[in-house]
Amino acid sequence: MKNFPGNVFMVVAPSGAGKSSLISALLKEDSNIGLSISCTTRAPRPGEQDNVHYKFLSVEEFETLRDNNELLEWAKVHDNYYGTPKAYVQERIDKGQDILLEIDWQGAAQVREQFPQVIDIFILPPSIEILNERLNKRGQDSQAVIERRVLAASKEIAQADKCEYVIINDDFSVALQQLQQIVTVARLRFASQAKKHSELFQSYGILAQ
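Residues numbered from 1 in each chain as written. Predicted model: local features only at pLDDT ≥ 70, side-chain atom pairs only at ≥ 80, totals over all residues. Heavy atoms only, no water.

Test applied: UniProt positions are given in the numbering used here, feature names are shortened, and annotations may be inferred rather than shown by experiment.
An unreviewed UniProt entry lists the protein chain under the name Guanylate kinase, from Oligella urethralis DNF00040. Its UniProt record gives the protein chain a comment under Sequence similarities (unreviewed entry), which states: "Belongs to the guanylate kinase family." Recorded under Subcellular location (unreviewed entry), the UniProt text for the protein chain is reproduced unchanged: "Cytoplasm".

So, in structure tokens, the structure goes:
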């Protein structure tokens, strides 16, 4: 597959919807897809490692990347910058490797402009009340930050209809299975593999329409 472009998957969700856990489980079971490491100016959470979970940057370092047009997308969320380095994503798909972006709705709009073929997936919590419970149980943010995230969630959830696929993360195992099915279907789409199918048809002596 290395002679054909890879797929760009994009998973969007409000904080606390469970997208990070779903993505981790997907990557553990599917070695053919890699995670794009985003950069951020927020402080690491407990257990997070630099260049593993995020590339942690100062505000000045981030703004330099942004101003030099080296970010595929960027946004300021909850007083912190987040962004996706452009070169890494392009290099991977040029090698025929699939890549997944874990992203917020603001960044998603920017990615769609540069990668119209992106496969975008929105993860919804079962309800705002359950989202609030999950954020509190996670124990990673102050109460003020949690309240701010819950207030922002309604605005973020309103962007779900911009995505091609929507998963409600009520039962984790079911949501994971649905995410895996989306990845499988995307890899079989004719449009995303047009070059591959064209060459395959030619091997049969048929010209692809």
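1. Details of the pattern of salt bridges
Oppositely charged side chains can pair when the atoms bearing their charge come close. Heads up, the condition is: A side-chain nitrogen of Lys or Arg and a carboxyl oxygen of Asp or Glu constitute a salt bridge if their distance falls within 4 Å. What counts as a helix is a DSSP run of H or I of at least four residues, what counts as a strand is a run of E of at least two, and both are numbered from the N terminus. Burial status follows relative accessibility: with a 1.4 Å probe on protein chains alone, a residue under 20% of its type maximum counts as buried, one over 50% as exposed, and anything between as partly exposed.
Overall, the coordinates contain 7 salt bridges when judged by the stated rule. The closest approach of N and O atoms between aspartate 30 and arginine 187, which form a salt bridge, is 3.0 Å. A residue pair is termed long-range when its members are at least 10 positions apart, and aspartate 30 in the loop between α1 (19-29) and β2 (33-35) and arginine 187 in helix α7 (residues 172-188) qualify at 157 residues. Arginine 187 gets classed as partly exposed once you look at its relative accessible area, which sits at 22%. For aspartate 98, the salt bridge identified is with arginine 187, shortest N-O distance 2.7 Å. Here the residue aspartate 98 occupies a position in strand β7 (residues 98-103), and arginine 187 occupies one in helix α7, the gap between them amounting to 89 residues. Connected via shared salt-bridge partners are Asp30, Asp98 and Arg187.

2. Some remarks on the side chain of arginine 42
We apply this condition: Any N or O atom pair separated by 3.5 Å or less is treated as a polar contact, with the protein-specific requirement of one donor-capable and one acceptor-capable atom, and with residues adjacent in sequence counted only for side-chain atom pairs.
With respect to the helices and strands, arginine 42 occurs in the loop between β3 (39-40) and β4 (55-56). Looking at arginine 42, the relative accessible area reads 6%, which means it is buried. At 2.9 Å, the side chain of arginine 42 and the side chain of glutamate 48 are in polar contact. There is a polar contact of 3.1 Å between the side chain of arginine 42 and the side chain of tyrosine 82.

3. A word on the nonpolar core
When a protein is soluble and globular, its nonpolar side chains tend to lie buried together. Condition: In plain words, nonpolar cores are sets of buried Ala, Val, Leu, Ile, Met, Phe, Trp, Tyr and Cys residues tied together by side-chain atoms within 4.5 Å. We call two residues in contact when some of their heavy atoms are within 4.5 Å.
Formed by 21 residues in total, the largest nonpolar core has its most connected members in Phe9, Leu100, Ile121, Ile123 and Ile167. Top contributing element to this core by residue count: α7, with 6 residues. If near-sequence neighbours (up to four positions away) are discounted, phenylalanine 9 is found in contact with Ile33, Asp98, Ile99, Leu100, Leu101, Val118, Ile119, Val183 and Ala186. With 17 residues, the next largest nonpolar core counts Met10, Val89, Ala108 and Val118 among its residues.

4. Side note on the packing of α1 against α7
Convention followed: All axes here are fitted lines through C-alpha atoms, helices being fitted over the stretch that makes contact, and every angle between N-to-C directions spans 0 to 180 degrees. Throughout this description, any angle smaller than 35 degrees is read as roughly parallel, any larger than 145 degrees as roughly antiparallel, any in the 65 to 115 degree range as roughly perpendicular, and the remainder as oblique. We call a crossing left-handed when the near helix sits turned anticlockwise from the far one by less than a right angle, and right-handed when that turn is clockwise.
It is at 10 Å that the axes of α1 and α7 come closest, and there the two elements cross at 55 degrees. For the element pair α1 / α7, the angle class is oblique. Both α1 and α7 take part in a crossing whose hand is right-handed. Residue-level contacts link Ser21, Leu22, Ala25, Leu26 and Glu29 of α1 to Phe172, Ala175, Leu176, Leu179, Gln180 and Val183 of α7.

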